[in-house]
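Chain residues, written in single-letter form:
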Amino acid sequence: MMNEAIAGIRFPVLIGDIGGTNARFALISEPNAEWERFPDVHTSHYPTVEAGIEAAVLAHTGLKPRTAILALAGPIAGNQIRLTNCDWIFEPHRLNARFGLSSVVLLNDFEALSLCLPDLGPDDIDPIGDGKAAPERPRVVVGPGTGLGAGALIHARGAWIPVPGEGGHIDLGPITDHDYALWPHFEKSLGRFSAETLLCGPGLMRVYRGIGSFDGRPTPLRTPAAVTAAGLSGEDPVAVAALEFFATHLGRLAGNLALVFVATGGVYLAGGISAKIAPALKSGAFREAFVAKEPHRHLLEGVMTAIIGKEDPALAGIAAFAADPARFGVALDGRMWQA
C-alpha cells in the first residue's frame, strides 16, 4: 500500500486539520514548498466540509489541488466518517468528485500530530521538568481542546509508524481521598467519566462547577478561557483549584500513556489548551502526577514531557508525510480513496 500511497499523492496537495470547533487548511504546491495557509474555519459556520473548503480555501487561490490529506478528530472507519465533536460528515468519494481530486487520504488528528514529532527542534517545545528524549524511541502526544486526543509514534524498520487511537475516551477515575470526595460533584458525559469528560474545554467547566459545588463557592465564570484567565491570575480560588486539578489529572493520563508505550522518546502536549495553561502545567502538579507510577517512578523521571510550541503541528506532520511518504509507515488500507 505504501508504493500506492507514494504514487497516489499528487501535488498540489490540500492539507487540513479538522477539530470539533476549528478547521485549518493549507495548500502545498510541490514537495517541501512553503504552505499557502488560509484563515481558520469555524466548522459551525458551514453545513458541510465541501462548503467550508470551497468558501474558505478554493475561493481565494488559483491552485487546484490534486490530492487532499485531511486529519480528523475521530476514528477513521468506513466510507462515511463522522467526527466526535463536529457535525461535518466526510465522504471521500464525494470529495474526489466535487473537487476533481485524484485521491483523498483521511488520518486521525493526533496521528497527523505525531508525524511532526521527529522534526521538532528545541525552539519548537517548552519542556516540563528535567526528562530527556531518547532518539528513535516511542513517543506519545496527548492534548486537550474541544475534546481530548492522543496518539503514539514508533520507530521500526527504518520508518516512523504512527499509532492512532482514541485514548481520550479511556476511563478516568479518582485516586486520592480528596478525589473521591470531589467526584460525586462532577457531571458525567454519556453516562460515564472518560478522560475527555474532564480534560478538555467543556471538561474544565465541569471541573470548575464541581469544585465550586464541593466547596460551596459561587462559579460565575462561563467559558474555559475565563476559567483559565482567572485561575492563572489567582483572582478566583475555584478557578485556581480547577486548573490544579486539570494539570494533575492530565499528568496522570500522560503518565499512563507513557507506561503503555514505554515512551522514552518523550511525551508531548498539544491541543488548544496546553499552551494557554502552561504556567499551571509547569507548577509541579503535572510532573509529579506524571512520575507517580510506582514501581516505575524512576523510569518516568527520565522521560521528557513538553508542550509543543510549533505552529500548526498537525499540518506540519501531514506536510512531512506528503513530501516523503516512505519515511513514515502510515497505514492507508481503508483510509485512502482514489478517484
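This text goes with the structure placed above it.
Read on for a plain summary of the structure.

Cut-offs and rules
- Residues numbered from 1 in each chain as written.
- Predicted model: local features only at pLDDT ≥ 70, side-chain atom pairs only at ≥ 80, totals over all residues.
- Heavy atoms only, no water.
- Helix = DSSP H or I, 4+ residues; strand = E, 2+ residues; numbered from the N terminus.
- Rg over C-alpha atoms; globule rule 2.2 N^0.38 Å.
- Buried < 20%, exposed > 50% of the residue type's maximum accessible area, 1.4 Å probe, protein only.
- Contact = heavy atoms within 4.5 Å.
- Areas by Shrake-Rupley, 256 points an atom, 1.4 Å probe, with all protein chains shown as cover.
- Lys, Arg positive; Asp, Glu negative; His and termini not counted.
- Charge placed at Lys NZ, Arg CZ, Asp CG, Glu CD.
- Pairing = 2+ DSSP bridges.
- Axes fitted to C-alpha atoms, helices over the stretch in contact; angles between N-to-C directions.
- Salt bridge = Lys/Arg side-chain N within 4 Å of Asp/Glu carboxyl O.
- Expected span 1.5 Å × (residues − 1).

### Quick look at the overall build of the chain
And then number 1: Of the regular secondary structure elements, the chain holds 14 helices and 15 strands.
And then number 2: The C-alpha radius of gyration of the chain comes to 20 Å, within 12% of the 20 Å expected for a compact globule of 339 residues.
And then number 3: Scored against the burial criterion, the 339 residues of the chain give a buried share of 54%.
And then number 4: Put simply, 69% of the contacts in the chain that link residues at least 6 apart link residues at least 24 apart.
And then number 5: Total accessible area on the chain stands at roughly 14,400 Å², and carbon and sulfur atoms take up 53% of it.
And then number 6: Computed over 27 positive and 35 negative side-chain charges, the inter-centroid distance for the chain is 3 Å.

### Details of the sheet that holds strand E10 (residues 139-144)
And then number 1: A sheet is described by the order of its strands in space; here six strands give the open sequence E9-E14-E13-E10-E11-E12, paired in mixed fashion. Every interior strand has two partners, whereas the edge strands, strand E9 (125-128) and strand E12 (159-164), have only one. Averaged over all pairs of adjacent strands, the angle between strand axes in this sheet comes to 25°, irrespective of strand direction.
And then number 2: Relative to strand E13 (residues 267-269), E10 is paired through three bridges, and the arrangement is parallel. Residue pairing in the sheet places valine 142 in a bridge with leucine 269 of E13.
And then number 3: Packed onto the sheet, helix H9 (residues 237-261) meets E10, strand E11 (148-156), E12 and E13 and runs at close to 155° relative to E10.

### Examining the pattern of salt bridges
And then number 1: For the coordinates displayed, the defined rule picks out 14 salt bridges.
And then number 2: Among the ionic pairs, arginine 94 bridges to glutamate 91, the shortest N-O distance being 3.0 Å.

### Some thoughts on the side chain of aspartate 109
And then number 1: Relative to the helices and strands, aspartate 109 resides in helix H4 (residues 109-114).
And then number 2: Put simply, aspartate 109 is tucked away with no salt bridge, and the nearest opposite charge, on arginine 24, sits 8.1 Å away.
And then number 3: The residues touching aspartate 109, leaving out its near neighbours within four places in the chain, are Asp17, Ala71, Leu72, Ala73, Gly74 and Ala314.

### Some words on H9
And then number 1: When the terminal C-alpha atoms of H9 are compared, their 37 Å separation across 25 residues agrees well with the 36 Å that a helix rising 1.5 Å per residue should span.
And then number 2: Residue valine 262 follows H9 closely and has a positive phi angle near 45°.

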